[in-house]
Amino acid sequence: MTVRTRFAPSPTGYLHIGGARTALFCWLYARKHGGTFILRIEDTDLERSTVESVNAILEGMTWLGLDYDEGPFYQTDRFDRYRELAQRLLAEGKAYHCYCTKEELDAMREQQLARKEKPRYDGRCRLRREPRPGVPPVVRFRNPEMGEVVIEDLVRGRVVVRNSELDDLILVRSDGSPTYNFTVVVDDLDMGITHVIRGDDHINNTPRQINIFKALGAEPPLYAHVPMILGADGARLSKRHGAVSVMQYRDEGYLPEALLNYLVRLGWSHGDQEIFSIDQMIQLFEIEGINHSASTFNPDKLLWLNHHYIMHSDPAHVAHHLRWHLGQRGIDPTTGPDPVAVVKAQRERCKTLAEMAAASLFFYQDFDRYDEKAARKNLSQETRPALEAVYAALEDLTPWSREAIHDTVAVTAERLGAKLGHVAQPLRVAVSGTAVSPPIDVTLELLGRAKTLARIERALDYISNR
Ligand code: GLU
């Protein structure tokens, strides 16, 4: 059997953490087995689906590197096919027209509730043969009355549902639009899906979908329902818990591989291994390793992983993403040091690329003002001689190298009879505007002589005008 999986988001918002995890699991499973990964956009809800959301989903998939082999398929392009199969089920007596009005359905519901029964459609139109003039019918599925549906769920194990608990669900609404449970089955069938991996909020749909498969004379795929993701408070993960959109994580400076590594561990494990390269994930991923209980989203762990990847990935790769963040802040990275060198200098103290970009702006553009506290302490009449002396020493320094800069700062301090920090810290505030930067020799080397000298001059002016 060639594995065929699909990710089937409804484009009613951005790509969120839960969706991305589902997509990742489907993608990994297909990649692991040399199978096919399909993207299907479930956009039949015309009121809630938007083009922006489709684009956000595609953008998120691209950023995460979850490439699909087929699609994106749009359900709105497939209405003829849904109609065709609805007709077939009608012709075979496996579906029927239902002419019940809203009033009738409401009354049915009330009576059932009064009898303390679970509200469900009682199937009264199964026998009604005459159309009701003026009432556009819906198409209902004739769910089997007897027996049970068995789901051999790859995560949950065997789930058994009695058919008597399922009612005749609507396949096609009175306006002719097909419903979710119907389109999913038609698509999973037509697209030859072998494994449906999705959130367990869909588990109640699965027995209905299996019955529709059978009515269409087809074997249902295998199902794997993945437990939910919760916030720290135990409620289902939502905006209240902070960022849930994949693209927001990009904007906040996460690397896609860090997010993928985090997501793969969120609800799946391989022993107690925490770090997985993409290749390792593909190699090791198994549906059997999916946890049976809900997982809790832990932003601190994601941040830790992000820092791990910033520290240990090829700096050229990290720099590629840093360039994007600099660009977001209006910086042209060619106007300053090579971002690869900046990554090497900054990676230890920056847990996100947004942080790194913010802490590296001074390499590329002049800052507007000094950090107040840093300036009060370091840019004063008291530190003026140190800044003047180091300016003179740096003016003609050759080569402009880390080692030479280090020696110069050290010798300057020695001459002044001061500690190294007495020179280095005012210098740092002068060139970066803040009290934090990479080691001073690295900082100056990256900044270059011209910018260094100009900023010391500016700091001396600042001191004079204080
Ligand atoms: N479109 C559904 C959703 O976004 C997923 C359907 C499925 O995976 O079967 O929740």
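Everything numeric in this text was worked out from a predicted model, so none of it was measured. (Residues numbered from 1 in each chain as written. Predicted model: local features only at pLDDT ≥ 70, side-chain atom pairs only at ≥ 80, totals over all residues. Heavy atoms only, no water.)

Caption draft 1: Highlighting the packing of aromatic side chains. If you walk through the whole model with that rule in mind, you get ten aromatic pairs. Ring geometry for W268 versus F285: centroids 5.6 Å apart, planes at 35°, classification tilted. Here F285 lies in the loop between helix 9 (278-284) and strand 12 (295-296) and W268 lies in the loop between helix 8 (256-265) and helix 9, a separation of 17 residues in the sequence. Accessibility assignment for this pair places W268 and F285 in one class, buried. (Phe/Tyr/Trp six-rings, centres within 6.5 Å; stacked < 30°, edge-to-face > 60°. Helix = DSSP H or I, 4+ residues; strand = E, 2+ residues; numbered from the N terminus. Buried < 20%, exposed > 50% of the residue type's maximum accessible area, 1.4 Å probe, protein only.)

Caption draft 2: Seen up close, the sheet that holds strand 4 (residues 95-98). Sheet architecture is open: three strands sit in the order 4-5-8, paired in antiparallel fashion. The sheet terminates laterally at strand 4 and strand 8 (170-172), the two strands that pair on one side only. Averaged over all adjacent pairs, the angle separating strand axes in this sheet is 45°, with direction ignored. In this sheet, strand 5 (residues 138-141) lies alongside strand 4 in antiparallel orientation, the contact comprising four bridges. Bridge pairing in strand 5 links A95 to F141. Set on the sheet, helix 3 (residues 79-91) makes contact with strand 4, strand 5 and strand 8; between it and strand 4 the angle comes to about 95°. (Pairing = 2+ DSSP bridges. Axes fitted to C-alpha atoms, helices over the stretch in contact; angles between N-to-C directions. Contact = heavy atoms within 4.5 Å.)

Caption draft 3: Focus on the site of the ligand. Near the ligand, the surroundings consist of R6, A8, P9, S10, E42, Y180, R198 and H202. In the model, a nitrogen atom of the ligand is placed 2.7 Å from a nitrogen or oxygen of the A8 main chain. Between the ligand and H202 there is a distance of 2.9 Å, counted from an oxygen atom to a side-chain nitrogen or oxygen. Counted by class, the shell around the ligand contains three nonpolar, two polar and three charged residues. (Near = heavy atom within 4 Å. Polar contact = N/O pair within 3.5 Å; in protein donor to acceptor, adjacent residues only side chain to side chain. Nonpolar A, V, L, I, M, F, W, Y, C, P; charged D, E, K, R; others polar.)

Caption draft 4: Representation of the side chain of N205. Mapping N205 onto the fold places it in the loop between strand 9 (195-199) and helix 6 (206-215). When sequence neighbours within four positions are dropped, the list of residues in contact with N205 reads Y180 and N181.

Caption draft 5: Expanded view of a negative patch on the surface. A surface patch of negative charge is lined by E395, D396, E457 and D461. Among the residues examined, D396 registers a relative accessible area of 63% and is labelled exposed. (Patch = residues over 30% accessible without salt bridge, like charges linked within 9 Å, V, L, I, M, F, W, Y side chains within 5 Å. Areas by Shrake-Rupley, 256 points an atom, 1.4 Å probe, with all protein chains shown as cover. Salt bridge = Lys/Arg side-chain N within 4 Å of Asp/Glu carboxyl O. Lys, Arg positive; Asp, Glu negative; His and termini not counted. Charge placed at Lys NZ, Arg CZ, Asp CG, Glu CD.)

Caption draft 6: Broad picture of the UniProt feature "domain: Aminoacyl-tRNA synthetase class I anticodon-binding" (unreviewed entry) in the protein. The feature "domain: Aminoacyl-tRNA synthetase class I anticodon-binding" (unreviewed entry), as annotated in UniProt, sits at residues 322-460 in this numbering. Structurally, residues 322-460 comprises 67% helix and 0% strand, and the distance from its first C-alpha atom to its last is 32 Å. (UniProt positions renumbered as here; feature names shortened; annotations may be inferred.)

Caption draft 7: Representation of helix 1 (residues 17-32). Taking 1.5 Å of rise per residue, 16 residues should cover 22 Å, and helix 1 covers 22 Å from first to last C-alpha, within 8% of that figure. With respect to burial, helix 1 is a largely interior element, 14 of its 16 residues being buried. A positive phi of about 60° marks G34, the residue just after helix 1. (Expected span 1.5 Å × (residues − 1).)

Caption draft 8: Structural detail: unusual backbone geometry. Put simply, G71 and P72 share a cis peptide bond, and its omega is 5°. When you line up the elements, P72 lands in strand 3 (residues 70-74). Along the chain, T398 connects to P399 via a cis peptide bond; the corresponding omega equals -15°. Among the secondary structure elements, P399 is positioned in the loop between helix 15 (384-395) and helix 16 (402-415). In this structure, K116 takes a positive phi of about 60° despite not being glycine. Residue position: K116 is located in the loop between helix 4 (102-114) and strand 5. For K116, a relative accessible area of 78% translates into the label exposed.

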